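# Examining the three-dimensional arrangement
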Amino acid sequence: MKAEYVNSFYQAAQDVFKIMLDVGTQKDDVFTHEITDDGANITIKLKGDLTGTIVFSFPKETALEMVKIMSGMEMDKLDSFILSALSEIVNIICGNAATHLQKYNKSVDITPPEVVEKPSTEADKCELLPLKTDIGAVKLNIQLEENQE
Amino acid sequence: MMWKEKYKIGVELIDQQHEELFRRVSDFIGTVRSENPWDTKLSKIKETLEFMNDYVITHFRDEEEYQAKINYPGLEKHKKIHDDFKAEVVEFVRLFEETGFDEDLVQRFSGKLLAWLINHVAGIDQKIGEFARKQEVPHHES
Ligand SMILES: [Fe+2]
């Protein structure tokens, strides 16, 4: 998979965490891995010039802290309120990533985010983009294929 | 939810409305998240939902009018974002009524609303302010 596709998601996540949460984000090296899950897992599918699945995995502590920052309220468990707020963040990140992808002449649509217990993608291996934010880790599992024209 | 100075776009009417919107959404979410049993807080939830909803409509209308006034090039796109969101709220309210304000549904709506509003005001609406500021700068070139 082209590095710029993965980077579009990195850029989008970094911007959104900064704007919405005032949280800085760095990335570790990307590597190919079996899909990982952790705490809250939220999936979005891409259709169009690129097809595939993106799974965001938020460890519980990161998830609670993100929603605490937004709401100003203490959060103690991964309930519907928190999962829905995180789903919207994922939706926003992927929407912005889709805008970045247009720079590489890739036009994609995203499906509404879905909370999943056990995440999966079409392929059993995907690119793992590990992010380190000021408030904990977030993992992006990215599996994308280019459609032949 | 915390209102921050940096959310201001430099247009007084819009900034005041955004701040008020944050207050009303906070009130609504505060009620939804309070520890009290669901049925005892239902009337308060309905009341704060309506109070917030009215304001969203007023604010979107005023913000769009302002964008039109300054010939903001992103108006159509922005209007679509507002319309899509209003449509989603209408659908949620329909489901609330259909399910007798199912708690899980209201919790999901509130979580989405929280993240949507912060991104909209802290991210998307900022571009209106950037454009307005550019229009004010007199250019010395020609
Ligand atoms: Fe707006």
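This text follows the structure it describes.
I will try to describe carefully the structure that is included in this document. (Residues numbered from 1 in each chain as written. Chains lettered and ligands numbered in written order. Predicted model: local features only at pLDDT ≥ 70, side-chain atom pairs only at ≥ 80, totals over all residues. Heavy atoms only, no water.)

### Let's talk about the overall build of chain B
If you tally the helices and strands in chain B, you get 5 helices and 0 strands. Reading the secondary structure of chain B in the N-to-C direction produces α-α-α-α-α. Dimensions of chain B, computed from the C-alpha atoms along their principal axes, are close to 65 × 25 × 20 Å. A burial count over chain B gives 49% of its 142 residues as buried. Within chain B, counting contacts between residues at least 6 apart in sequence, those at least 24 apart form 70% of the total. Here chain B has roughly 7900 Å² of accessible surface; of this, 52% comes from carbon and sulfur atoms. (Helix = DSSP H or I, 4+ residues; strand = E, 2+ residues; numbered from the N terminus. Buried < 20%, exposed > 50% of the residue type's maximum accessible area, 1.4 Å probe, protein only. Contact = heavy atoms within 4.5 Å. Areas by Shrake-Rupley, 256 points an atom, 1.4 Å probe, with all protein chains shown as cover.)

### Concerning the coordination of the iron ion
Residues and elements named next belong to chain B. Listed as protein donors to the iron ion are Glu63 (OE), His78 (NE2), His82 (NE2), His120 (NE2) and Asp125 (OD); their distances from the metal cover 2.1 to 2.4 Å. In the primary sequence, the donor residues of the iron ion line up as E-x14-H-x3-H-x37-H-x4-D. Here His78, found in helix H3 (residues 75-98), pairs with His120, found in helix H4 (residues 103-124); they are 42 residues apart in sequence, far enough to count as distant. Pair check on accessibility: His78 and His120 agree, each one buried. (Donors = N, O, S within 2.8 Å, 3.2 Å for Na, K, Ca; no water.)

### As for helix H2 (residues 38-69) of chain B
Since the α-helix advances by 3.6 residues per turn, residues separated by three or four positions end up pointing in the same direction. Residue and element names in this part refer to chain B. The first and last C-alpha atoms of H2 sit 44 Å apart over 32 residues, in line with the 46 Å expected at 1.5 Å per residue. Helix geometry: H2 is bent most strongly at Lys44, by close to 30 degrees. Backbone geometry just after H2 places Asn71 at a positive phi near 55 degrees. (Expected span 1.5 Å × (residues − 1). Bend = angle between axes of the 7 residues up to and from the residue.)

### Here we look at the pairing of strand E3 (residues 40-48) of chain A
Residues and elements named next belong to chain A. Pairing of E3 with strand E4 (residues 50-58), which is carried by 7 bridges, proceeds in the antiparallel orientation. Counterpart to Lys45 in the pairing with E4 is Thr53. As paired elements, E3 and strand E6 (residues 114-116) share 3 bridges and run antiparallel to each other. Opposite Thr43, over in E6, you have Glu114 as the bridge partner. Of the pairings in the sheet, the one linking E3 to strand E5 (residues 108-110) comprises 3 bridges and is antiparallel in character. The partner of Gly48 across the bridge, within E5, is Val108. (Pairing = 2+ DSSP bridges.)

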